[in-house]
Amino acid sequence: MDFKYGCSLCGTEYEILSNLMVCPICSEKQQPDEPVRGILEVKLVGSLAPQFSIFDLLPVEERYFPPIPVGNTPLWEPRNIRLKTGFDHLYIKDDGVNPTFSFKDRASYLVSAFAKKSGINEIVLASTGNAGSSMAGVGAAAGQNITIFLPENAPEAKIAQSLQYGATVYKVKGNYDLAYDFSLEYSEVKGGMNRNTAYNPMTIEGKKTVSLELFKQMPSVPDYVFVSTGDGCIVAGVIKGFKDLFQLGLIGKVPVVYSVQAENSDALYRAKLSGAFENIPTSTIADSICVDMPRNGFHALKLLGDFNGEIIRVSDSSILQAQHYLASNSGIFSEPAGAAAFAGFLQVKDELDRDARVVVISTGNGLKDVASALKGVSAPSHSIHSIQEIL
Ligand SMILES: *Cc1c(COP(=O)(O)O)cnc(C)c1O
């Protein structure tokens, strides 16, 4: 298999190089308050047998990947939820069991290998928390130096992880969007590879591996895939994976992907309706999908449009309810952003055919944000002195 870059906006093709992040032609027209222009998609040139190895579909050779077991996450068949909802072919892909407990490891893994192959040992990024802790952990396995810019309200567990893995962490006085701008400036001056989501093409490409795994794990292609959305890279990666399989003639259709946003952080949803991205302040309990300006907005909207994808919104209270429903009926404990995808499924399930094969991706582990997890349940109000009090 051969690989090259193709601009997702103008289609110009380029050789894959470590110092080329976005299409030079389209990024000329980049405005400050809009998603990234000229995101480069990795194009496949060649063909493949159905027994392929995931590495065959990645643009960096297997020997450059660090020794850390990313991906190959379990596909659950949640019996109680199947019975309760009537969906006999409902599956949960639990990406919260990746080495750093989130889906972001898929992107970090490929970025790490790409940097290694390019002889680069410094990686810089902005993160709401998970991308940073993920790159820190994967970088630790690879022996790379990781520098992270985080919003000051990032959950403690994600900061603790990043520090334990040995990364350099800067908190910025502001939100993720400010951290993003700082990280770009930092890597422009200091060099190294920037892993910013949507900016580094390998982030989206790495995320496609979830769809390649679903192809291998399921008896046939899913009809619907639910995934939560902030910057729009995971949703793009999910579609890209199926798009590759379709191009190779290994599947006959691309699933309908539901991109699930939080009601008060819904920039992609609004842009689909109005045709333009507006930068307004957002907030949600699901910190990993709290994004004012979705960096992969143009690209995600295009892929969703090309493959009949849907964008829906869920409230914070339905996210907390879905988190508890999922945990208490299946044993899968997701962070709020992970549970948002499940909340989306619960919200629209009555519109779907019950025989449909549905996959909900849980993108992050619930222990990453214990403070939020305690909001959806009632904790014991006091300690008991003797067992007689409750017998
Ligand atoms: C990053 C993240 C998302 C959203 O991914 P985007 O590419 O920003 O849309 C969803 N869930 C979790 C747990 C995440 O860490």
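Residues numbered from 1 in each chain as written. Predicted model: local features only at pLDDT ≥ 70, side-chain atom pairs only at ≥ 80, totals over all residues. Heavy atoms only, no water.

(A) Quick look at the overall build of the protein. The helix and strand inventory of the protein stands at 14 helices and 13 strands. Against the 2.2 N^0.38 benchmark of 21 Å for 391 residues, the protein shows a C-alpha radius of gyration of 20 Å, consistent with a compact globule. Expressed along its principal axes, the backbone C-alpha trace of the protein runs to roughly 70 × 45 × 45 Å. The burial tally for the protein puts 59% of its 391 residues in the buried class. Within the protein, contacts between residues at least 6 apart in sequence are counted, and of these 72% link residues at least 24 apart. When the accessible surface of the protein is totalled, it reaches about 16000 Å², and 51% of it is carbon and sulfur. Across the protein, the centroid of the 34 positively charged side chains sits 3 Å from that of the 42 negatively charged ones. (Helix = DSSP H or I, 4+ residues; strand = E, 2+ residues; numbered from the N terminus. Rg over C-alpha atoms; globule rule 2.2 N^0.38 Å. Buried < 20%, exposed > 50% of the residue type's maximum accessible area, 1.4 Å probe, protein only. Contact = heavy atoms within 4.5 Å. Areas by Shrake-Rupley, 256 points an atom, 1.4 Å probe, with all protein chains shown as cover. Lys, Arg positive; Asp, Glu negative; His and termini not counted. Charge placed at Lys NZ, Arg CZ, Asp CG, Glu CD.)

(B) Representation of the side chain of Asn200. With respect to the helices and strands, the residue Asn200 is situated in the loop between strand S9 (193-194) and helix H7 (201-207). A relative accessible area of 0% places Asn200 in the buried class. Here the side chain of Asn200 touches Asn194 through a polar contact of 2.9 Å, landing on its backbone oxygen. (Polar contact = N/O pair within 3.5 Å; in protein donor to acceptor, adjacent residues only side chain to side chain.)

(C) Main features of the site of the ligand. Residues in contact with the ligand amount to 16 residues; listed here are only the nearest, Lys104, Asn130, Gly230, Asp231 and Thr363. Separating an oxygen atom of the ligand from a side-chain N or O atom of Lys104 is a distance of 2.7 Å. Within the backbone of Gly232, a nitrogen or oxygen atom sits 2.8 Å from an oxygen atom of the ligand. The protein chains hide 98% of the 380 Å² of surface that the ligand would expose on its own. Its residues assigned to classes, the shell around the ligand shows four nonpolar, eight polar and four charged. (Near = heavy atom within 4 Å. Nonpolar A, V, L, I, M, F, W, Y, C, P; charged D, E, K, R; others polar.)

(D) Structural detail: the sheet that holds strand S3 (residues 40-45). With respect to topology, three strands assemble into an open sheet ordered S2-S1-S3, the strand pairing being antiparallel. Each edge of the open sheet is held by one strand with a lone partner, namely strand S2 (13-14) and S3. Across two bridges, strand S1 (residues 2-7) lies against S2 in antiparallel orientation. Counted as the bridge partner of Tyr5 is Tyr14 from S2. (Pairing = 2+ DSSP bridges.)

(E) Here's a closer look at the pairing of strand S13 (residues 358-362). Most of S13 sits inside the fold, with five of its five residues counted as buried. Of the strand pairs in this sheet, strand S5 (residues 90-94) and S13 are connected by five bridges, and their pairing is parallel. If you follow Lys93 over to S13, its bridge partner there is Ile361. Where strand S10 (residues 224-228) lies against S13, three bridges are found, and the strand directions are parallel. Each residue of the ladder has a partner; that of Tyr224, found in S13, is Val358.

(F) Spotlight on the packing of helix H10 (residues 267-274) against helix H11 (residues 297-306). As a packed pair, H10 and H11 sit with axes 11 Å apart at the nearest point and diverge in direction by 65°. Note that H10 runs across H11; the crossing there is right-handed. Two secondary-structure elements touch here, H10 through Leu268, Ala271 and Lys272 and H11 through Gly297, Ala300, Leu301 and Leu304. (Axes fitted to C-alpha atoms, helices over the stretch in contact; angles between N-to-C directions. Left-handed = near helix turned anticlockwise from the far one by under 90°.)

(G) Seen up close, the packing of helix H4 (residues 130-142) against helix H5 (residues 156-164). Interhelical geometry of H4 versus H5 gives an angle of 20° and a closest axis separation of 8 Å. Classified by the interaxial angle, the pair formed by H4 and H5 is roughly parallel. Where H4 crosses over H5, the two elements pack in a sense that is left-handed. Between H4, through Asn130, Gly132, Ser133 and Ala136, and H5, the contact on the second element is made entirely by Lys158, Gln161 and Ser162. Class assignment of the residues belonging to the contact of H4 with H5 gives a composition of one nonpolar, five polar and one charged. (Parallel < 35°, antiparallel > 145°, perpendicular 65-115°, else oblique.)

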